[in-house]
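# Secondary and tertiary structure notes
Spelled out from the first residue to the last, the chains are:
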Amino acid sequence: MRVSNNLSLLLAAGVTAQTVEPETGKLGNATVVTNNPVGVVYKAVLPAEAWFKPAYPDGGNIEGEVTAVAAEGGTGVVYTYKFSNLPKEGGPFPYHLHVAPVPENGNCTVTLAHLDPFVRGENTTCDSTLPETCQVGDLSGKFGAIVPEEDGTWETTYTDLYSSTLEGIGAFFGNRSIVFHYPNKTRISCANFEKVEDGGVSSSVVTVLPTPTGNGSYTILPTGGVSTSTTGGDGPSTTTSGGAEQPTTSAPISGAGGLRSSAAGALVLGAVVMFML
């Protein structure tokens, strides 16, 4: 009888273990991005001065850059970090992709929350053994926070399967920022990603995401994108970027064959080319 009872307890425990599921986003688990455009390279270079001045009371900042490029075959993104002059105390240092870009004044506090297109939230710690259940932007949660070497340097390379260099989906980070923190979430420094190589791939849509200064404001969308409300001479307007869909501030750009061979058409094409450069 005692053996039978013990067996029943083990079976019950096994059933319980099988039915417990990891916490994930309201829109499900993050999906592997398999169609990142090969050859497109984004880079984020940290500024000369830290946003959180007490981290560098004598001036200066973390020095270095992040390079991100589609992995071989377009599945995931390879991130490469090369940093020096990291703070001597206070680590390990978390870092994340954030929804909004850094404005011209370098204010890291207005980059909003972590990139989270599947609406997971930040209440549960990321489980690095189940990266699909983490926020897309929680890179340090998935791959480990920064632990500097004794000389203040830190370098690493890894592939995140859930990031995107393909414009128009929630996991796209090319118009967003990366932010470095203390463990208490104080933001030390931040930088915007910028495209440095297009790999011969031309985007068919131009997306303009203003900074949250002046006559504008941001709203985080359920899909992880940003709704930007602005007021101008033509009245209020709203632009959405980075969510499941991507309305833009301008219509899709047609190919050369779609433009009329008139002087006006040539001027439009010239303006578009200059804008994309």
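Just above sits the structure.
Please read these numbers as outputs of a predicted model, since none were measured by experiment.

What counts, and at which threshold
- Residues numbered from 1 in each chain as written.
- Predicted model: local features only at pLDDT ≥ 70, side-chain atom pairs only at ≥ 80, totals over all residues.
- Heavy atoms only, no water.
- Helix = DSSP H or I, 4+ residues; strand = E, 2+ residues; numbered from the N terminus.
- Polar contact = N/O pair within 3.5 Å; in protein donor to acceptor, adjacent residues only side chain to side chain.
- Disulfide = S-S within 2.5 Å.
- Buried < 20%, exposed > 50% of the residue type's maximum accessible area, 1.4 Å probe, protein only.
- Pairing = 2+ DSSP bridges.
- Axes fitted to C-alpha atoms, helices over the stretch in contact; angles between N-to-C directions.
- Phe/Tyr/Trp six-rings, centres within 6.5 Å; stacked < 30°, edge-to-face > 60°.

As for its placement among the helices and strands, serine 189 is situated in strand β7 (residues 187-192). A polar contact of 2.8 Å, which involves the side chain of serine 189, links it to the side chain of asparagine 61.

Another aspect to go through is the state of the cysteines. A full pass over the atoms with the stated rule returns two disulfides. Note on cysteine connectivity: cysteine 108 is disulfide-linked to cysteine 190, with sulfurs 2.0 Å apart. Taking the sign of the torsion about the S-S bond as the criterion, the disulfide between cysteine 108 and cysteine 190, at about -90°, is left-handed. Within this pair, whereas cysteine 108 is found in the loop between β4 (95-98) and α2 (139-143), its partner cysteine 190 is found in strand β7, the two being separated by 82 residues in sequence. Judged by its relative accessible area of 4%, cysteine 190 is buried. Here cysteine 126 connects covalently by a disulfide to cysteine 134, the sulfurs 2.0 Å from one another. Residues cysteine 126 and cysteine 134 are joined through a disulfide that is right-handed, its torsion about the S-S bond being 85°.

On to the sheet that holds β4, then. Strand order in the open sheet formed by three strands is β4-β6-β7, with antiparallel pairing between adjacent strands. At either end of the open sheet lies a strand with only one pairing partner, and these are β4 and β7. Each strand axis lies, on average, 25° off the axis of its neighbour in the sheet, ignoring direction. Note: β4 against strand β6 (residues 177-181), four bridges, orientation antiparallel. Looking across to β6, one finds that leucine 97 is bridged to isoleucine 178.

On to the packing of aromatic side chains, then. On inspection of all chains with the given rule, the structure shows 17 aromatic pairs. A connected cluster of aromatic rings, assembled from ring pairs, spans Tyr42, Tyr79, Tyr81, Phe83, Tyr95, Phe143, Trp154, Tyr158, Phe172, Phe173, Phe180 and Phe193.

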